[in-house]
Every structure is written in C-alpha cells, then in structure tokens.
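# Architecture at a glance
Chain by chain, the residues run as shown.
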Amino acid sequence: VRANFSVIQKEDGPVNGLIAVLHDVTEQEQIENERREFVFNVSHELRTPLTTMRSYLEALAEGAWQDENIAPRFLEVTQNETERMIRLVTDLLQLSKMDSKDFRFTFREIDLPSFLHDIIDRHEMLEKENIELKRQLPETKILVQLDTDKMTQVLDNIISNAMKYSPEGGTITLSAGKVGRKVKVSISDQGVGIPKNNVSKIFDRFFRVDKARSRDIGGTGLGLAIAKEIILAHGGEIWAESEWGQGTTIHFTLPLRKAKEASA
Ligand code: ADP
C-alpha cells in the first residue's frame, strides 16, 4: 500500500488537518515487477547461449576450423547451444499462447489409469537410464476430462525431471487414486531433492535450484511453469513435496466431474 499525505492549510494559517490517500498498488506493481523480471530473465537466458556461440565461432573463424581435433567439438557446442535456444523459444511461445485469453484446450473423456499406463510404457521404451518406473495405479476405471496432448506434456515433463535428478538405479513411482471428488496423481523419485525454501518456487517461470547444473542437463526452467498452467486450466492443482537429498514428489489433482471448457 502506498500513502499520499496532503496538508489542509489556508495560506499561512494554522494546519487544519491532513488527508491521507491510501493506494492499493500492490497488485498492479507486482504484475509490473513480474513482467520486468520476466523480460530480464528471457534476455539473460538467450544471451548466455549466444555469447557462448560467439566465442566458439570466433575461435573457429580465427583458424580452429582447420584443426581436425578441435573443430568438430566446437561445432558440437554451437549446435547444442542452438538446440537449447530453440527449446527455450518453443517453451516461451507456448507460455505466451496460453497467456492469451482465446487459447482453448480440447477436452476428451478418457480413463486416467490406462492413459498413465500408456505414458509409462512409452518412457520405458525411450529411456536408456538404469531407472525403474513403478506403477501404483488402480485397476478400476477413473474417467476424467483431459486435453490428452497437454496432459502428456505435463507428465513427460515431470517424469523427465524425475529421471534427470535421480541417481543411477533409482526408482520412480507413479501413483493415482480418487480423493473425494478429485483424482490425485503423484510422481515420486529418490533423487537429489529440493531445499525446503525452494519447493514452492519450482513452478515459477525460470526458477531453477541450481542454474548451472540444470543448464547442463538441458533445462529451460519453464517446464513446470507450463505444467502448472495446464493443470490449472483443467481445474486442478499442482504442488511439490521434497526433502533435500532424499527425493521429490510432484502431486497434481484433477476434478472428477466434467471440467469446464477453460481458457488458460
Ligand atoms: P528445468 O527445465 O530446469 O527442468 P523445470 O521447470 O522443469 O525446469 O524445473 C524447475 C526446477 O525445479 C529444476 O531446474 C530443478 O532445480 C527443480 N526440480 C524439478 N523437478 C525436480 C526433481 N524431480 N528433483 C529435484 N529437483 C527438481
């Protein structure tokens, strides 16, 4: 809250009173601050790969291109940095699409356990890592209204995070079950975990516990922010539980009754 004071006084006469005007600027200012921070983050995130590429390209131009040992490695770095920028811009575009009012989701009624089985099957086929995916899924049908493409994206992101931050030979457990009028899905890993004061921040745009580390493993810091937007658009909630050094669980809920056609 911002306060403006005016003195009520006739010419040089005595002060008759004070008028205090209180402005609730918090929300407006917060939006403005978030916007500024967002632009700062985007610029910074794009600048980092660009400056890296510039120095590698400079070295190549100055003669490294002739060195058969060095040139392929330098080219690989610039390729990786380009890929990272493409991922970043793709994520940004998606967030900006979801921010616009007329963005629509396409909901279909599906059985959640079989949907989750399909996703896990695909990850088991894909992932080369020595990590076990355990299922704790109900045998009965649970019907929910989903945008299956968007929900696939949410689960892919959570599962790939769990894989990225898991130790060799770790287990990732995916469970689901009804809780009241909702269904709750939980994905647990035995990985590095998240420090307590950061747990709620991981859904913020660009937040990363360890920028250097997650950059190395290809993160943009936008995956969970996108996941949150998608879950909210389904009428659900998403949160994390974690113990530093002992693993992380991401939970989300979805309403059992028909979700309204929602715009993000
Ligand atoms: P990123 O692209 O960096 O993975 P996300 O939005 O998906 O971005 O995640 C944000 C941050 O949250 C990550 O950088 C990481 O620090 C933390 N995080 C997410 N999932 C996990 C997990 N399963 N274990 C530990 N840390 C995690």
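Keep in mind that this is a model prediction, so the values were computed, not measured.

What counts and how
- Residues numbered from 1 in each chain as written.
- Predicted model: local features only at pLDDT ≥ 70, side-chain atom pairs only at ≥ 80, totals over all residues.
- Heavy atoms only, no water.
- Near = heavy atom within 4 Å.
- Polar contact = N/O pair within 3.5 Å; in protein donor to acceptor, adjacent residues only side chain to side chain.
- Areas by Shrake-Rupley, 256 points an atom, 1.4 Å probe, with all protein chains shown as cover.
- Helix = DSSP H or I, 4+ residues; strand = E, 2+ residues; numbered from the N terminus.
- Nonpolar A, V, L, I, M, F, W, Y, C, P; charged D, E, K, R; others polar.
- Pairing = 2+ DSSP bridges.
- Axes fitted to C-alpha atoms, helices over the stretch in contact; angles between N-to-C directions.
- Contact = heavy atoms within 4.5 Å.
- Core = buried A, V, L, I, M, F, W, Y, C linked by side-chain atoms within 4.5 Å.
- Buried < 20%, exposed > 50% of the residue type's maximum accessible area, 1.4 Å probe, protein only.
- Phe/Tyr/Trp six-rings, centres within 6.5 Å; stacked < 30°, edge-to-face > 60°.
- Patch = residues over 30% accessible without salt bridge, like charges linked within 9 Å, V, L, I, M, F, W, Y side chains within 5 Å.
- Salt bridge = Lys/Arg side-chain N within 4 Å of Asp/Glu carboxyl O.

## Some thoughts on the site of the ligand
- N161, D189, R208, T220 and L224 are the nearest of the 21 residues found near the ligand.
- Side-chain polar atom of Y165 to an oxygen atom of the ligand: 3.3 Å apart, as the coordinates give it.
- Between the ligand and L224 there is a distance of 2.8 Å, counted from an oxygen atom to a backbone nitrogen or oxygen.
- For the ligand, whose unbound accessible area comes to 530 Å², protein coverage reaches 98%.
- Broken down by secondary-structure element, the contributors of at least two residues to the shell around the ligand are helix 4 (148-164) and helix 6 (223-233).
- No other element matches the four residues that helix 4 contributes to the shell around the ligand.
- Here the residues of the shell around the ligand sort into nine nonpolar, nine polar and three charged.

## Things to note about the sheet that holds strand 8 (residues 238-243)
- Reading across the sheet, the five strands line up as 4-6-7-9-8 and stay open at both edges, with mixed pairing between neighbours. The open sheet has two edge strands, strand 4 (132-136) and strand 8, and neither has a second partner. With direction set aside, neighbouring strand axes in the sheet form an average angle of 15°.
- Each of strand 4, strand 6 (171-179), strand 7 (182-188) and strand 9 (247-255) is contacted by helix 3 (residues 112-126), which is oriented at about 170° to strand 4, the strand it contacts most.
- Contacting strand 4, strand 6, strand 7, strand 8 and strand 9, helix 4 crosses the sheet at an angle of about 170° to strand 9.

## With respect to the nonpolar core
- Counting residues in each nonpolar core, the largest one holds 50 residues, and the members touching the most others are L112, F115, L116, M151, I187 and F252.
- Counting residues per element, this core draws most heavily on helix 4, which supplies seven residues.
- Setting aside chain neighbours within four positions, we find M151 in contact with F115, L146, I230, I231, H234, F252 and L254.

## A few points about the packing of aromatic side chains
- Tallied over the entire structure, the rule returns four aromatic pairs.
- Taken together, a centroid distance of 4.8 Å and an interplanar angle of 80° make the contact between Y56 and F74 edge-to-face. Of this pair, Y56 sits in helix 1 (residues 26-61) while F74 sits in helix 2 (residues 71-99), placing them 18 residues apart in sequence.
- On the basis of relative accessible area, F74 is assigned to the buried category, the value being 18%.
- Between F105 and F107, the aromatic rings sit 6.1 Å apart at their centres with planes inclined by 20°, giving stacked as the arrangement.

## With respect to a nonpolar patch on the surface
- Judged by side-chain polarity, F5, V7, V15 and L18 come together as a nonpolar surface patch covering roughly 440 Å² of accessible area.
- For the nonpolar patch, the elements supplying multiple residues, two or more each, are strand 1 (2-9) and strand 2 (15-23).

## A look at the pattern of salt bridges
- Using the criterion set out here, one finds 11 salt bridges in the structure.
- The closest approach of N and O atoms between R35 and E32, which form a salt bridge, is 3.1 Å. Taken together, the residues span about one helical turn, with R35 and E32 both in helix 1 at a distance of three residues.
- A relative accessible area of 45% means that R35 is categorised as partly exposed.
- Here E243 ties to K196 by a salt bridge, and the two come within 3.4 Å at their closest N and O atoms. Residue E243 is found in strand 8, and its partner K196 is found in the loop between strand 7 and helix 5 (211-216); the two are separated by 47 residues along the sequence.

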